[in-house]
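# Notes for the structure review
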Amino acid sequence: MGSSKLVGCISDFFTYETTKSVVVKSWTIGIINRIVQLLIIIYFVGWVFLHERAYQQQDTAIESSVMTKVKGLGEYNNRVMDVAEYVIPPQGTSVFCIVTKLIATEQYQGTCHESSSHRPCKTARDCQRREPGDSGIKTHKCVSLNSTHKTCEIRGWCPAEEDEAKVDYMKEVENFTIFIKNSIRFPLFNFVKGNFLPSITDDYIKRCNFHPETDIYCPIFRVGDILNLANQSLPVIASQGGVIGIKIGWVCDLDKSADQCNPAYTFSRLDEVSQHNKVSKGYNFRYARYFMENGTERRTLFKAFAIRFDVLVYGSARKFYIVPTLINIVVAFTSVGVGTVLCDIILLNFLKGADQYKAKKFEEVSETQITSSVSQSNELCEGSQMSIKQTEKQSDDSGAYSIGQLA
């Protein structure tokens, strides 16, 4: 007797309870339910899996190296210039400048008047001693620049630079070529590639020119072509200077052949906003070359107008991976249940017959019923299993109610 009670209690403990299903035979709610489910399925299949490729793992931590080399000869001020003179810096980095225009000033240490572009003075009071000027330290003297104009005297490198001089730019810059060597690696997939093929030869490099459609693996870029692709005028940018971005994009689907992972080049003006300013247009900088003459230190000061090139590399790689695939499949199946929640809200609040649906879906249990249920459970453990009401459903009952047409 005692063992049968124990078996009965254990059997009752290891039971499974499930929610009660209510079948609502309504065209309105049925169509809404299927439409919502269809939209969810289309979203996950079309957007999540096909467009966003959620079945793949993505690596955006691209590792990149860029080496550059410029070639070409230009003539400027009756002087032939090579890359050692017009390329700054000479190391071949991803950021470099091609000088297109120079204003040179021969100078020595001494005293002289300020440049003609500086504001004039009338008396020495207008030139406070040791106050910094444009090109040196003021000496508290107002000296004549010409018969009608006076400026403050300065101590420093003389004569002062006349940086507003009108000079022309180097015409040959249009035909200069830039060699760009770019190597990339996606560490997550250990995928390595470069912007030119391993089978490339010296003869091919000597005769090829980059073209965005017919020759994307040629690493030789003509300056004139770059400016055209960036929609820039050579006379304007060569006279004022500017910054051009050469962007190399590597967006690769590694589920496909490695041959389909190709670089995509775009060219643009990075300092476009400076073109709308009234001052400080373009790009320029100064540098000097020092030498000794008759025991006196002298220098040649250059104000250089240049086209600065910034080589920018970005990219991402994707490859099939089981973990994100399973996660998104589970999310997709779970999200289909959103249709049920929406249909329940409509049934409970908006359709005719909502009270009948509530009566079948929800069951109110009072404290008295809970006490009675506990007493019945105790009797069951004592072997009084026959006390269960015959009106209750048996274990082979599906527990599903069917509600007729509500709307």
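## Let's talk about the overall build of the protein chain
- Within the protein chain, the secondary structure is distributed over ten helices and 17 strands.
- Per-residue burial over the protein chain gives 36% buried out of 407 residues.
- A separation threshold of at least 6 residues defines the contact pool for the protein chain, and within that pool the share at least 24 residues apart is 70%.
- Per element, the accessible surface of the protein chain, about 25,600 Å² overall, is 55% carbon and sulfur.

## So, the side chain of Asp 253
- Within the secondary structure layout, Asp 253 lies in strand β13 (residues 242-253).
- For Asp 253, a relative accessible area of 17% corresponds to the buried category.
- At 2.8 Å, the side chain of Asp 253 and the side chain of Gln 56 are in polar contact.
- Beyond its immediate sequence surroundings of up to four residues, Asp 253 is in contact with Arg 53, Gln 56 and Arg 318.

## Concerning a nonpolar patch on the surface
- A surface patch of nonpolar side chains, about 850 Å² in accessible area, is lined by Phe 320, Tyr 321, Ile 322, Val 323, Leu 326, Ile 327, Ile 329, Val 331 and Phe 333.
- Residue contributions to the nonpolar patch peak at seven residues, all from helix α7 (residues 322-336).
- Assessed through its relative accessible area of 65%, Phe 333 is described here as exposed.

## What about the pairing of strand β8 (residues 136-144)?
- The pairing of β8 with strand β9 (residues 150-158) spans six bridges and is classified as antiparallel. Following the sheet pairing, Val 143 is matched in β9 by Thr 151.
- The antiparallel pairing of β8 with β9 creates a hairpin that spans five residues between the two strands.

## Quick look at the layout of surface pockets
- Estimates place the volume of the second largest pocket at around 330 Å³.
- Lining of the second largest pocket is provided by 13 residues; of these, Lys 101, Asp 163, Glu 164, Lys 303 and Phe 305 occupy positions nearest its centre.
- For the lining of the second largest pocket, the secondary structure elements donating two or more residues are β7 (95-113), α6 (234-240) and β16 (296-320).
- Partitioning the lining of the second largest pocket into residue classes produces four nonpolar, three polar and six charged.

## Notes on the packing of helix α2 (residues 27-51) against α7
- One way to put it is that α2 packs onto α7 with a least axis distance of 9 Å and a crossing angle of 160 degrees. By the angle between their directions, the pair α2 and α7 is classed as roughly antiparallel. Note that α2 runs across α7; the crossing there is right-handed. Here Gln 37, Ile 40, Ile 41, Phe 44, Val 48 and Phe 49 of α2 lie close against α7, whose contacting residues are Asn 328, Ile 329, Val 331, Ala 332, Ser 335 and Val 336.

## Considerations on the pattern of salt bridges
- If you walk through the whole model with that rule in mind, you get ten salt bridges.
- Arg 269 is the partner of Asp 271 in a salt bridge, and the nearest nitrogen-oxygen pair spans 2.4 Å. An identical accessibility class is assigned to Asp 271 and Arg 269; each is buried.
- Of the charged contacts in the structure, one is a salt bridge between Arg 298 and Glu 293, with a shortest N-O distance of 3.7 Å.
- What emerges from the salt-bridge pattern is a single network uniting Glu 174, Arg 222 and Asp 225.

## Notes on the pairing of strand β11 (residues 191-194)
- Pairing geometry for strand β10 (residues 177-186) and β11, over four bridges, is antiparallel. Along β11, the bridge assignment pairs Arg 185 with Val 192.
- Where β10 folds back onto β11 in an antiparallel hairpin, the turn is made up of four residues, including Asn 190, whose phi is positive at roughly 55 degrees.

## Quick word on the nonpolar core
- Core analysis: the largest hydrophobic core is formed by 50 residues, its most contacted members being Tyr 86, Ile 98, Ile 178 and Phe 309.
- In terms of residue count, the dominant contributor to this core is β16 (seven residues).
- In contact with Ile 178, not counting residues within four places along its chain, are Lys 69, Val 70, Phe 96, Ile 98, Pro 219, Ile 220, Phe 221, Val 223, Ile 226 and Phe 309.
- Counting eight residues, the second-largest nonpolar core is a separate cluster that includes Val 24, Ile 29, Cys 343 and Ile 346.

## Observations regarding the state of the cysteines
- Applying the stated criterion across every chain, the model contains five disulfides.
- What pairs with Cys 127 in a disulfide is Cys 152, and their sulfur atoms sit 1.9 Å apart. Since a negative S-S torsion denotes a left-handed disulfide, the Cys 127-Cys 152 link at about -85 degrees is left-handed. You can see Cys 127 sitting in the loop between β7 and β8 and its partner Cys 152 sitting in strand β9, a full 25 residues away along the chain. With respect to burial, Cys 127 and Cys 152 carry one shared label: buried.
- If you count the bonded cysteines of the protein chain from the N-terminus, they pair up as 1-6, 2-4, 3-5, 7-8, 9-10.

About the criteria used
Residues numbered from 1 in each chain as written. Predicted model: local features only at pLDDT ≥ 70, side-chain atom pairs only at ≥ 80, totals over all residues. Heavy atoms only, no water. Helix = DSSP H or I, 4+ residues; strand = E, 2+ residues; numbered from the N terminus. Buried < 20%, exposed > 50% of the residue type's maximum accessible area, 1.4 Å probe, protein only. Contact = heavy atoms within 4.5 Å. Areas by Shrake-Rupley, 256 points an atom, 1.4 Å probe, with all protein chains shown as cover. Polar contact = N/O pair within 3.5 Å; in protein donor to acceptor, adjacent residues only side chain to side chain. Patch = residues over 30% accessible without salt bridge, like charges linked within 9 Å, V, L, I, M, F, W, Y side chains within 5 Å. Salt bridge = Lys/Arg side-chain N within 4 Å of Asp/Glu carboxyl O. Pairing = 2+ DSSP bridges. 1 Å grid on protein atoms, 1.4 Å probe; cavity = no way out; pocket = protein on both sides within 12 Å on 5 of 7 lines; lining within 4 Å. Points joined across faces, edges and corners; volume = space filled by probe spheres on them. Nonpolar A, V, L, I, M, F, W, Y, C, P; charged D, E, K, R; others polar. Axes fitted to C-alpha atoms, helices over the stretch in contact; angles between N-to-C directions. Parallel < 35°, antiparallel > 145°, perpendicular 65-115°, else oblique. Left-handed = near helix turned anticlockwise from the far one by under 90°. Core = buried A, V, L, I, M, F, W, Y, C linked by side-chain atoms within 4.5 Å. Disulfide = S-S within 2.5 Å.

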